[in-house]
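# Summary of structural features
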Amino acid sequence: MPSVFIFSNGIQLHVRQEGPAEGPLILLLHGFPEFWYGWRHQITALAEAGFRVWVPDQRGYNLSDKPAGIQSYTLDKLAADMIGLIDAAGVEKATVVGHDWGGGVAWYMAMTYPERIHQLVILNMSHLAAFGEVLRRHPRQLLKSWYVGFFQVPWLPEWLAKRGTYWAIRRMLQRTSRPGTFTDEDLMEYQKAWSQPGSGGASAFRTMVHWYRAFVRHRPSVQHRVTVPTLILWGVRDSALIPELATASKAWCTNAELIYFKEATHWLAAEEAEAVTKWIIQKARA
């Protein structure tokens, strides 16, 4: 699986690539606290299906650039990074697939650059306007979102996370997923990614958390309907996001399909790898 660095929107992004150069482009966007490796079960299968698969470490993560300052991680910059990758591929449109925060970037791309997206596939991330609606109506979601407030505290979240070689974060991945979803080898890969050097002598984990800080402090306008054809895949047993977010998100789309996975958690791409790959292929070929 070749690994390249591509200059986009003023920074260098590390991108894993696979598949034929002439194939339709698929961008796979990871969430927190993952990196390109979060799509390890999909990359080769999509390439073998004839797609040109690009899987970036998004800014602040793993081997991609980690600019200093919370303002460097606003949604407009994150979305522009991905548009820059589509430009670098030399194509007009891509199928964009996003999970968790990668889904947030994908939703925002669909709002602001609909002409650049062929199909949109979202895994366990709500439309950003729907999130606010559900948060106001469902105290249960407010309780589940406690960590967003905690991440606003300067320095403390990343300092605590680093203790015990990121034991708490590794444990979180295991506790919130089905047994066996993350192997010891997987967790070692994640730990290496979180430990990559960042700005000011800190590890990458700080700039990863900056995504949450930037969203709260520099919140963009997200009250836009999505007109791009959309497929929402949702693991019902998500420990952080309630299923009502999925239906609320669909209501913000003009052309969307919603598929529930009743036994899956937040980590849908790993737990239901074959089914997720099948749905991505079906959508990308539409």
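Just above sits the structure.
From a predicted model like this one, the values you see are computed outputs, not experimental measurements. Once a new chain begins, its residue numbering starts again from 1 and follows that chain's sequence as written. It should be noted that, the model being predicted, local features are given only for residues of pLDDT at least 70 and side-chain atom pairs only at 80 or more, the latter also being counted only at that level, while totals for whole chains, interfaces and linings use all residues. Note that water and hydrogens are dropped before the side-chain values are worked out from all heavy atoms of the structure.

### As for the nonpolar core
Core analysis: the biggest nonpolar cluster contains 99 residues, and Met 109, Leu 120 and Leu 233 have the highest contact counts within it. Only heavy atoms enter the contact rule, under which two residues are in contact if any of them lie within 4.5 Å. The contact partners of Met 109, leaving out residues within four places of it in the chain, are Leu 29, Ala 79, Met 82, Ile 83, Ile 86, Val 96, Pro 114 and Ile 117. Among buried residues, those of type Ala, Val, Leu, Ile, Met, Phe, Trp, Tyr and Cys that are joined through side-chain atoms within 4.5 Å constitute a nonpolar core. Buried residues are those whose accessible area, probed at 1.4 Å on protein chains only, stays under 20% of the maximum for their type, while exposed residues exceed 50% and partly exposed ones sit between those limits.

### Topic: the pairing of strand β1 (residues 3–8)
Direction of pairing for β1 relative to strand β2 (residues 11–18): antiparallel, over a ladder of six bridges. If you follow Ser 8 over to β2, its bridge partner there is Ile 11. Pairs of strands are assigned from DSSP output, requiring at least two bridges between the strands. Numbering of helices and strands runs from the N terminus, with a helix taken as a DSSP run of H or I at least four residues long and a strand as a DSSP run of E at least two residues long. Turn length for the β1-β2 hairpin, with the two strands adjacent in sequence and antiparallel, is two residues, and the turn residue Asn 9 shows positive phi of about 55°.

### Looking at unusual backbone geometry
Cis peptide bonds are those with omega within 30 degrees of zero, and the linkage from Phe 32 to Pro 33 qualifies with -5°. Mapped onto the elements of the fold, Pro 33 is located in the loop between β3 (25–29) and α1 (43–48). The phi torsion at Asp 100 lies on the positive side, around 55°, for a residue other than glycine. Following the sequence through the fold, Asp 100 ends up in the loop between β5 (94–99) and α3 (101–112). Positive phi outside glycine occurs at Trp 155, with the angle close to 70°.

### A short note on the pattern of salt bridges
Between side chains of opposite charge, a pair can form as their charged atoms come close. What counts as a salt bridge is simple: a side-chain nitrogen of Lys or Arg found within 4 Å of a carboxyl oxygen of Asp or Glu. One pass over the structure, following the stated rule, counts nine salt bridges. In this structure, Arg 40 and Asp 186 form a salt bridge, with 3.4 Å as the shortest nitrogen-oxygen distance. Residue Arg 40 is found in the loop between β3 and α1, and its partner Asp 186 is found in helix α8 (residues 184–194); the two are separated by 146 residues along the sequence. Each member of the pair, Arg 40 as well as Asp 186, is classed as buried. Measuring nitrogen to oxygen at the nearest pair gives 2.8 Å for the salt bridge that ties Glu 158 to Arg 213. Of this pair, Glu 158 sits in helix α7 (residues 156–175) while Arg 213 sits in helix α9 (residues 204–217), and the two are 55 residues apart along the sequence. For Arg 213, a relative accessible area of 2% gives the class buried.

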